[in-house]
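Summary of structural features
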Amino acid sequence: MRRIVARLSPLLVIGTWLLMACGAPTSSTTGTGATTSSTSSDTTTPATMTTTGGGATASSATTTEGGTTTNSATTTGGTTALSGDPVPLGVAVAETSNTAALGQEQVIGVTIAEKYFNDHGGINGRPLKIIRQDTAGDENGAINAFNALINQSKVLGIVGPTLSQQAFAADKIADTAKVPVVGPSNTAKGIPQIGPYVARVSAPVAVVAPNAVKAALKQNPQIKKVAVLFAQNDAFSKSETGTFQQTITKTAGLQLLPVQTFQTTDTDFTSQATSVLNQNPDLVIISGLAVDGGNLVKQLRELGYKGLIIGGNGFNTPNIYPVCKAQCDGLLIAQAYSYELVTPVNTDFRKSYQDLQKREPGQLAAQAFAGVQVFVEAMREVDKATPLKGLSVEAARTAINDQLLKGKYQTPLGPISFTPEGEVIQNDFYVAQVKMNADGATGKFVLLK
Amino acid sequence: MAVFFATYGSLIVAMLLAAMLALSLYLPLLAGQLSLASPGFYALGGYVAAIISTRVVPFDSGAQAYIWRMGTHEVARFSGPLYPVSLLIVEMLVAGVLSAVLAIVLGLPALRLRGIYLLLATIAFVQILQVVTQVLDLTGGAIGIFNIPQPFASQLGYAWVVVPLLLLSAGFVYRLERIRIGRAFTAIREDELAAAAMGINLAYHKVLAFTMGAVLAGIVGVISAHSINTWNSRQGTFDAGITYLAFVLIGGSRTFLGPIIGGIVLYALPEVLRGLAAIPGLPLALAQLLKDGRLIMYGLLLVLGTIFFPQGLIRPNLFRHRTVEATPRKIEQQ
């Protein structure tokens, strides 16, 4: 027995140490739950605000005080009262895993938003602090990230998660804890219905998709037969194709040819393309993601298809250019966001994005920006009525949620608001057509009016 | 402490579930059969729970009760917003029985294969199940089934089911390793030919080990579906199977404690690193590394683990003291 203990003791020591590490933040969260990197300085005056906002990241806020003496503001009155600053907002998206391509775009969007709103006065003089937690690509990861944000970081709201499936798992946690959540890219049916604290800025596919069919009919009124293909292992494509099929048969009264399926991991679409071509369609609609969808377009064209092609929302990224190259030309795409929209906020957003990434922003980044924006504007309104400083975390969360659903917002997506349930009401949707340049490697989306 | 449990309640439950999944992979391994079918049965169990709780016994918001109807006839009614635990146990039984039947049907032909071919066959099974669930309307396609009702008010409440189940299955495997069937498993693992020559029915014991693992995985799937509130075809994939295998191999594949400790520790590790990053006063660079690089560090630890503990963290000779005494006496008795 003694030997067992002796052999297990290193394990025990490590285990205890890890447990203590886990527990450590909990013991110190009473006063300053919000700040992870301690030493928050008292930056409530407008003058210091600009210096914090000017810093590239929130972390530099603690050091860019110049010569002024920093009196620590970490001591607060009550146990649950908000500390002086900054105002914590959580962002939980998929920064790693096979969903990271989407999540990374969202990270760029929220980073731009954090800087933009801190440059524009923060939350009535207090800086906004974005606290990020990686959800990875799975449901448990999203739950863990949400729990960390809610209980450890004491955020006032959460923007996330990336996938609809993750939202079904994690939003429930936030709703139970009465923490407002705004989904930046959850488009499946039933997300706002999870609970009163769940909303989204991403328009459900049912709203976006039919516009493209209308645009196609405008370009070619002779369309009779429509072929539909979709990626059956992708939740988004599955919802989207349902909407497309309904639009074709019910709204537009066209003939729907037998539906073909593929997987997002497929690379060879010869059999699908051949059977589509055999039925001689006037219009082909594809719901898939950038790489598989792009390849499908390419192979359809190579096998001789000449008619119009509509790409679903998965095509709404410049990443398709290198896949289908010159054959992308003429592709119609329904969009919830267009970077060509000319509004003050979108012009600023587009410029910041171009400065950072040297390319045009996509829908994911814009929606993530809008997700942060609705929180910021709701926080400002709540703060005007009763200063957030005086509210307990719980009261602030509820007040922000109520305000969030009431407000109207001028976002890069255009003007948006919410239904009482939390569903986004978006006025502007766009249909773009791909115009490839002569080199066949670069191109652009041209907005159709 | 309350904050700790609120933050880590779901993690603790998921850790224990991971331990049981590792155990479900360990069971066939006990008989020398490397099978990755566990995720398939795990997915199956999850779908059983999701379908029963949302389609067969749906929540009626008008009556504020879960009502089970057969046609128009009302079979049973459970009032209250919380899903009845008794139904959860029924789901576990249904999933267990279904998994067992499927495992026997699958195991009889598959276990004629050995080593890497059995592995391939079980991977194929997982893939087929995944595609089937994507196509069927009953399973909700790629979106899956959501709003699975909660039997407990808090995430930690699942511990009431998970902890006894883990203890039960651990006790079961502990005993199994010490009775005739378990010894037959070990004999098959060490040398199939010799075991057959000793009169051990190879097919029977292999299918038995495989089925026991499947039943456990199916039951875990039921709890998992409720605890994450949604179920879809991304659950229990091949990737997940590899993770469970890592739990067993790093934990140790020669004693039942190996997969349990391996599952608990390895599942928690990325989250522990996340927690470490939140310690106040840590240098910013280190905190960033812990938070953003936690999966890199996780991978690194896996590699180091396999190099320095090739037999796993928990080896039987940790407990040699007892087994050395026990074994000769057993042999004399037989």
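Below is a summary of the structure that appears in this document. (Residues numbered from 1 in each chain as written. Chains lettered and ligands numbered in written order. Predicted model: local features only at pLDDT ≥ 70, side-chain atom pairs only at ≥ 80, totals over all residues. Heavy atoms only, no water.)

**Let's talk about the overall build of chain A**
When helices and strands are tallied, chain A shows 14 helices and 16 strands. Looking at the 449 residues of chain A, the share that counts as buried comes to 59%. Residue pairs at least 24 apart in sequence account for 69% of intrachain contacts in chain A once pairs closer than 6 positions are excluded. Only carbon and sulfur atoms are counted for the fraction: they give 58% of the accessible area of chain A, which is about 17400 Å². (Helix = DSSP H or I, 4+ residues; strand = E, 2+ residues; numbered from the N terminus. Buried < 20%, exposed > 50% of the residue type's maximum accessible area, 1.4 Å probe, protein only. Contact = heavy atoms within 4.5 Å. Areas by Shrake-Rupley, 256 points an atom, 1.4 Å probe, with all protein chains shown as cover.)

**Here we look at the overall build of chain B**
A tally of regular secondary structure across chain B gives 13 helices and five strands. Pairs at least 24 residues apart make up 74% of the contacts formed inside chain B by residues separated by at least 6 positions. Carbon and sulfur atoms provide 71% of the accessible area of chain B, an area that totals close to 14900 Å².

**Notes on the pairing of strand E15 (residues 430-436) of chain A**
Across a regular strand the side chains alternate sides, sitting on one face of the sheet and then on the other. All names here are of chain A. Counting buried residues along E15, six of its seven residues qualify, which places the element largely inside the surrounding structure. Note: strand E11 (residues 332-335) against E15, four bridges, orientation antiparallel. Within E15, the residue paired with Ala334 across the bridge is Val431. Between E15 and the antiparallel strand that follows it, strand E16 (residues 443-448), lie six residues; Gly440 among them carries a positive phi value of about 75°. (Pairing = 2+ DSSP bridges.)

**What to know about a nonpolar patch on the surface**
All names here are of chain B. A cluster of nonpolar side chains, Leu300, Leu301, Val303, Leu304, Ile307, Phe308 and Phe309, forms an exposed patch at the surface whose accessible area comes to about 680 Å². Its place among the elements puts Leu304 in helix H12 (residues 294-308). Of the residues examined, Leu304 reaches a relative accessible area of 37% and is grouped as partly exposed. (Patch = residues over 30% accessible without salt bridge, like charges linked within 9 Å, V, L, I, M, F, W, Y side chains within 5 Å. Salt bridge = Lys/Arg side-chain N within 4 Å of Asp/Glu carboxyl O.)

**Some words on the sheet that holds strand E5 (residues 198-200) of chain A**
Backbone-to-backbone hydrogen bonds join strands into a sheet, with any given pair of strands oriented parallel or antiparallel. All names here are of chain A. Strands sit in the order E2-E1-E3-E4-E5 across an open sheet of five strands; the sheet is parallel. The strands lining the two open edges of the sheet, one partner per strand, are strand E2 (128-134) and E5. In this structure, strand E3 (residues 158-159) lies alongside strand E4 (residues 181-183), joined through two bridges in parallel fashion. Directly across from Val159, in E4, lies its bridge partner Val182.

**Comments concerning the side chain of Gln260 of chain A**
Note on placement: Gln260 of chain A falls in strand E8 (residues 260-262). At 3.2 Å, the side chain of Gln260 of chain A and the side chain of Ser275 of chain A are in polar contact. (Polar contact = N/O pair within 3.5 Å; in protein donor to acceptor, adjacent residues only side chain to side chain.)

**Considering the environment of Asp439 of chain A**
All names here are of chain A. Along the chain, Asp439 turns up in the loop between E15 and E16. When the C-alpha positions of Asp439 and Ala326 are compared, they lie 7.9 Å apart, and in sequence the two are 113 residues distant. Only 3.1 Å separates the side chain of Asp439 from the backbone nitrogen of Ala441, close enough to count as a polar contact.

**Observations regarding the sheet that holds strand E14 (residues 424-426) of chain A**
Residue and element names in this part refer to chain A. The sheet built from three strands is open, its strands ordered E12-E13-E14 with antiparallel pairing. The open sheet has two free edges, formed respectively by strand E12 (408-411) and E14, since each of these has just one partner strand. Between one strand axis and the next, the sheet turns by 30° as a mean value, whatever way the strands run. Strand direction decides the pairing type here: E12 and strand E13 (residues 414-418), joined by four bridges, are antiparallel. For Lys408, the partnering residue across the bridge sits in E13 and is Ser417. (Axes fitted to C-alpha atoms, helices over the stretch in contact; angles between N-to-C directions.)

**Comments concerning the state of the cysteines**
All names here are of chain A. This structure, assessed with the given rule, holds one disulfide over all chains. Two residues share a disulfide in this structure: Cys324 and Cys328, whose sulfurs sit 1.9 Å from each other. Disulfide Cys324-Cys328: torsion about the S-S bond near 105°, hence right-handed. Cys328 matches Cys324 in its accessibility class, with the two residues each being buried. (Disulfide = S-S within 2.5 Å.)

**Describing the pairing of strand E6 (residues 225-231) of chain A**
All names here are of chain A. The element E6 is extensively covered by neighbouring structure, given that six of its seven residues are classed as buried. As paired strands, E6 and strand E7 (residues 255-256) are joined by two bridges and run parallel to one another. Opposite Val226, over in E7, you have Leu256 as the bridge partner. Note on the crossover from E6 through helix H8 (residues 235-251) to E7: the handedness is right-handed. Note that E6 and strand E9 (residues 283-287) share five bridges and pair parallel. (Right-handed = clockwise from strand over helix to strand, strands pointing away.)

**What to know about the pattern of salt bridges**
Proximity of charged atoms lets side chains of opposite charge pair with each other. Residue and element names in this part refer to chain A. One pass over the full model with this rule turns up 18 salt bridges over all chains. A salt bridge links Glu95 to Arg132, with the shortest nitrogen-to-oxygen separation between them at 2.9 Å. Of the two residues, Glu95 sits in the loop between strand E1 (87-93) and helix H4 (100-119) while Arg132 sits in strand E2, which places them 37 residues apart along the sequence. You can call Glu95 buried: its relative accessible area is 11%. Here Lys115 ties to Asp119 by a salt bridge, and the two come within 2.9 Å at their closest N and O atoms. Residue Lys115 and its partner Asp119 are located together in helix H4, separated by four residues, close to a single helical turn. Judged by relative accessible area, Lys115 falls into the partly exposed class, the value being 37%. Asp119 gets classed as partly exposed once you look at its relative accessible area, which sits at 39%.

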